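Each chain, written out:
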Amino acid sequence: MTKVTYLDHSGFAVTTPEAVMVFDYYKDPDRKLEKVLREAPDQDVVFFVSHHHPDHFNTSIFELAQDRRRTYVLSNDIFSRLVPQTGLSVAWMSPGDTIEQVPGVKKVEAFRSTDAGVAYAVTLPDGKVVFHAGDLNDWHWGEVSTLSEARDAEAHFTRIVNRVAEEYPRMYIAMFPVDARIGEGFARGASIFLFRIKVDNFFPMHFWGEPQKACDFKEYIPEGCGTVCHCLDRPGMDVSLE
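Quick look at the structure, then. (Residues numbered from 1 in each chain as written. Predicted model: local features only at pLDDT ≥ 70, side-chain atom pairs only at ≥ 80, totals over all residues. Heavy atoms only, no water.)

1. A closer look at the nonpolar core
So the rule is basically this: Throughout, nonpolar core names a set of buried Ala, Val, Leu, Ile, Met, Phe, Trp, Tyr and Cys residues whose side chains join them through atoms within 4.5 Å. Only protein chains enter the area calculation, which uses a 1.4 Å probe; residues under 20% of their type maximum are buried, those over 50% are exposed, and those in between are partly exposed. Helix numbers and strand numbers start at the N terminus; a helix is a DSSP run of H or I with at least 4 residues, a strand a run of E with at least 2. Whether two residues are in contact is decided by their heavy atoms: any pair within 4.5 Å suffices.
Core analysis: the largest hydrophobic core is formed by 64 residues, its most contacted members being Met21, Val108, Val122, Phe131, Met171, Phe193 and Phe202. For this core, the element with the most residues is strand β11 (residues 170-177), which contributes 6 residues. Phe202 has contacts with Ala174, Phe176, Val178, Ala190, Leu194, Phe217, Thr227, Val228, Cys229 and His230, leaving out every residue within four places of it along the chain. Counting 20 residues, the second largest nonpolar core, distinct from the first, contains Val22, Ala40, Val49 and Ala65.

In structure tokens:
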């Protein structure tokens, strides 16, 4: 059994029998992570940070779960001066890096983003793959971007997604931006991702004040792909997966 808990913005806690994986902790207004950790007293805790943007990286993560064995997987664009120099197990990752020494998981691979930092593909001990996109998306901005800029952005994004798909054609969980600020094409990046990669459970994120888009996105899932879109549109919501 796996449980996915929405913390806020792009932050999730994913609880498996072996680990509690915390992705892009920014804030937790419902204090749900405390409950998640209490309910999983025997699991290792792994904090993943995709990049340095303050809506994805909060230095308070270094003060959380101090009574547990903790590992921090951090993008190399995070300033090392912000990370405690002693007492922590830290793995730094750049695009293309793979590590296999993280407690509670089998492998972590970092992919290039279309913005800062990396996206993470985490292989669990049972072989299932959990993907957190960070700020990987088809970023072009409605009427602001020119047609040429939009084409270039999509081509760059698609090249990265194709690279991910070569390594991971199927994923158990994918957490991916669905950002209404982009405009009417807000779901295009996620749709491209789902067209190329078989995802069992899709979790929209990065709502920026318009969480209803998490539910709206169900209308944009490619027909016949079999993906379940989970609408966790309020901090503290969770869902259990088989």
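2. Quick word on the side chain of Asp179
Just so we agree on the cut-off: Polar contacts here mean pairs of N or O atoms no more than 3.5 Å apart (in protein, one a potential hydrogen donor and the other a potential acceptor; neighbouring residues in sequence count only if both atoms are side-chain atoms).
The topology assignment puts Asp179 in the loop between β11 and α3 (188-196). Given the relative accessible area of 0%, Asp179 is considered buried. Polar side-chain contacts of Asp179 include one of 2.7 Å to the side chain of Arg181. One polar contact links Asp179 to His206, side chain to side chain, over a distance of 3.0 Å.

3. Examining the packing of aromatic side chains
Rule in force here: Stacked, tilted and edge-to-face are the three classes applied to pairs of Phe, Tyr and Trp rings, where Trp contributes its six-membered ring and a pair requires centres within 6.5 Å; stacked means planes under 30 degrees apart, edge-to-face means over 60, and tilted covers the rest. We call a charge positioned over a ring when the NZ of a Lys or the CZ of an Arg lies within 6 Å of the ring centre and within 35 degrees of the ring normal.
Taken as a whole and judged by the stated rule, the model has 13 aromatic pairs. With a centroid separation of 5.3 Å and 50° between ring planes, the pair formed by Tyr6 and Phe12 is classed as tilted. The exposure class assigned to Phe12 is buried, which follows from its relative accessible area of 0%. Ring pairs connect the aromatic residues Phe131, Phe157, Phe176, Phe193 and Phe202, which therefore count as one cluster. Over the aromatic face of Phe79 sits the side chain of Arg81, whose NZ or CZ is 4.9 Å from the ring centroid.

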